[in-house]
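# Overview (structure and organization)
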Amino acid sequence: FAPSLAAPGDFLQCLSSSVPSERVFTPSSPSFTSVLVSSIRNPKFFTPTTVRPLCIVTPTNASHVQAAVLCGRRHDVRVRVRSGGHDYEGLSYRSERPEVFAVVDLANLRAVRVDRVAATAWVDSGATVGELYYAVAKAAPGLAFPAGVCSTMGLGGHFSGGGMGMMMRKYGLSIDNVLDATLVDANGRLLDKEAMGSDLFWAIRGGGGGNFGAVLSWKIRLVPVPSTVTFSNIQKTIDQGAASAVTKWQTLAPALPEALSIRVIVQNQQALFQTLYLGGCSALVRAMSSLFPELGMTRADCREMSWLQSTVYINSGDIKTPVETLLNRTTSLSTFTKNKSDYVKQAITKDTWDKIFPWFNGSAAGLMILEPHGGRVGSIADADTPYPHRSGVLYNIQYVAFWTGNGTDGPDWISGLYNFMEPFVSKSPRGAYVNYRDLDIGENTVVGGVTSYDSGKVWGESYFGGNFERLAITKGKVDAGDYFRNEQSVPPLLSRK
Ligand code: FDA
């Protein structure tokens, strides 16, 4: 790793001329720790040996972000941008290696401005997914936005990596509905879509967070939803045919009508089928009894509600949970997690599912989430956005291991299962979802002061397939000095390989 030339004192001095002192927290500030942990979810990344930032800047306007980048460039202090802090490897607020860096935490930049007539909104990166859902549904009933399932995620990181959720089969990923954006680049300039140019605008919609600058806000296209949607949770045990039902689900779910989305959670030797239908219960039960009779869905399995309510219900399972919980940004530091991902292009046989289910027995605290593709998300060309897992993908797998206690090392079973799955998932390269960041698939090395392209390619082609090279060329154009850098950032490539 290159020796650091950082001048922390000069950096802080430089900041003080443009950013009010109450917006900058150093380890000697009484609130430093509480600001640092405010959006950390994984206690694995909050230990005495975690490499912490020199300071945290909490901007309230764009000029503060610009100042942080300009001072950082001048005094060799990198910034890591944090929106919601949900990065699975904690790269928005910690470094794997010794490094002097500052965190620019965008939590205070979180306005959501809805234009009901145009069916668009400008949303700041520091807003959470829950705040977005709530603001849109309240300001423009009948409109919604396709994004992920966890309400405390920040829009900055979530949109930067794609944004998968229950409406992606109907409306695509979040990034498929981004119309414009503002970004502070490595030269401290504030650019919109027109000023940043088509390559950079392409790259920030799915090319991963922390690579090209700090995206401050996004203009998004809102999408229509009916006043009543239906949600259903149906659980099947192994004895009730869980393995056969999942086997069938693999090719059925990606081909269903786009308004009908069924994801599966495999846990404790059971499969939970979570269905969102953009319509009423009667039509859903009719469709399911002809398309997927194995689930045995009846009216008793349906819960009719507003789309906004469904974004709460999917996590709480309780129709009485108030929609205002979407506004709660508090996260808990109690559970250690490790996540990995895969894509499946050819259905896995029932025999193999019979072998997968036993990985989730009582002692293995973990689960597997299967998210169907197809529909709109699968019909967009692989190169239209950096997210390449489109045509031919049946579904995404997320493996989640969780544990409590002191150990920062996760259980071995998740790597064991990941190895076991290799023959059954996408290959050459084995795909992975950048928003389910996983440093096991590769970490950058820095050569001559910049990240080497060859080290990035190892993990980069898993996340971005054939789009990786264009991302690296774009990085070479907009940040040749590799200022926005982390353990898995896109390396700058100055000419085609
Ligand atoms: P965080 O602030 O940690 O940033 C993540 C990365 O993006 C970092 O590299 C950071 O530097 C960079 N970054 C952040 N803000 C930026 C900005 N404004 N400009 C440029 N770079 C920026 N995903 C999904 O698609 N669907 C889902 O349903 C879920 N569900 C889910 C549940 C839970 C509990 C977790 C922890 C995570 C998910 N995810 C997910 C994954 C999620 O999309 C991913 O972790 C996002 O990067 C989180 O964005 P944050 O802003 O919260 O992260």
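Everything in this summary refers to the structure shown in the same document. Nothing here was measured: the structure is a model prediction, and the numbers come from that model. (Residues numbered from 1 in each chain as written. Predicted model: local features only at pLDDT ≥ 70, side-chain atom pairs only at ≥ 80, totals over all residues. Heavy atoms only, no water.)

### Observations regarding the sheet that holds strand 15 (residues 302-305)
- Sheet architecture is open: 7 strands sit in the order 15-12-14-13-17-18-16, paired in antiparallel fashion. In this open sheet, the two edge strands, each paired with only one partner strand, are strand 15 and strand 16 (336-344). Put simply, the sheet's adjacent strands are angled 20° from each other on average, direction ignored.
- Two strands pair when backbone bridges link them, and strand 13 (residues 260-267) and strand 17 (residues 366-372) are joined in this way by 3 bridges, in the antiparallel orientation. Within strand 17, the residue paired with isoleucine 265 across the bridge is isoleucine 369.
- Each of strand 12 (229-237), strand 13, strand 14 (270-277), strand 17 and strand 18 (395-403) is contacted by helix 8 (residues 242-252), which is oriented at about 40° to strand 14, the strand it contacts most. (Pairing = 2+ DSSP bridges. Helix = DSSP H or I, 4+ residues; strand = E, 2+ residues; numbered from the N terminus. Axes fitted to C-alpha atoms, helices over the stretch in contact; angles between N-to-C directions. Contact = heavy atoms within 4.5 Å.)

### Here we look at the pairing of strand 13
- Within strand 13, 7 of the 8 residues are buried, leaving the element largely enclosed by the surrounding structure.
- Pairing analysis gives 8 bridges linking strand 13 to strand 14, with the strands arranged antiparallel. Among the inter-strand pairings, serine 261 is bridged to a residue of strand 14, identified as leucine 276.
- In textbook terms, the turn of a hairpin is the stretch between consecutive antiparallel strands, and for strand 13 and strand 14 this stretch comprises 2 residues, one of which, asparagine 268, has a positive phi near 50°. (Buried < 20%, exposed > 50% of the residue type's maximum accessible area, 1.4 Å probe, protein only.)

### Some words on the pattern of salt bridges
- Taken as a whole and judged by the stated rule, the model has 27 salt bridges.
- Close ionic contact of aspartate 342 with arginine 430 constitutes a salt bridge, the shortest N to O distance being 2.8 Å. With aspartate 342 in strand 16 and arginine 430 in the loop between helix 13 (413-421) and strand 19 (446-447), the pair connects residues that are 88 residues apart, well separated along the chain.
- Of the residues examined, arginine 430 reaches a relative accessible area of 16% and is grouped as buried.
- When salt bridges with common partners are traced through the structure, they connect Glu89, Arg94, Glu96, Lys338, Lys340, Asp438 and Asp440 into a single cluster. (Salt bridge = Lys/Arg side-chain N within 4 Å of Asp/Glu carboxyl O.)

### Structural notes on the state of the cysteines
- According to the stated counting rule, one finds 2 disulfides in the structure shown.
- Covalently, cysteine 14 is tied to cysteine 71 through a disulfide, its sulfur atoms 2.1 Å apart. Taking the torsion about the sulfur-sulfur bond, which here is approximately -80°, the covalent link between cysteine 14 and cysteine 71 counts as left-handed. Of this pair, cysteine 14 sits in helix 1 (residues 8-16) while cysteine 71 sits in helix 3 (residues 62-74), and the two are 57 residues apart along the sequence. Accessibility assignment for this pair places cysteine 14 and cysteine 71 in one class, buried.
- Shown here is the disulfide that connects cysteine 281 with cysteine 302, its sulfur atoms set 2.5 Å apart. An S-S torsion of about 80° defines the bridge between cysteine 281 and cysteine 302 as right-handed. Residue cysteine 281 is located in helix 9 (residues 281-291), and its partner cysteine 302 is located in strand 15; the two are separated by 21 residues in the primary sequence.
- A relative accessible area of 3% places cysteine 281 in the buried class.
- Cysteine pairing for the protein chain, with bonded cysteines counted in sequence order: 1-2, 3-4. (Disulfide = S-S within 2.5 Å.)

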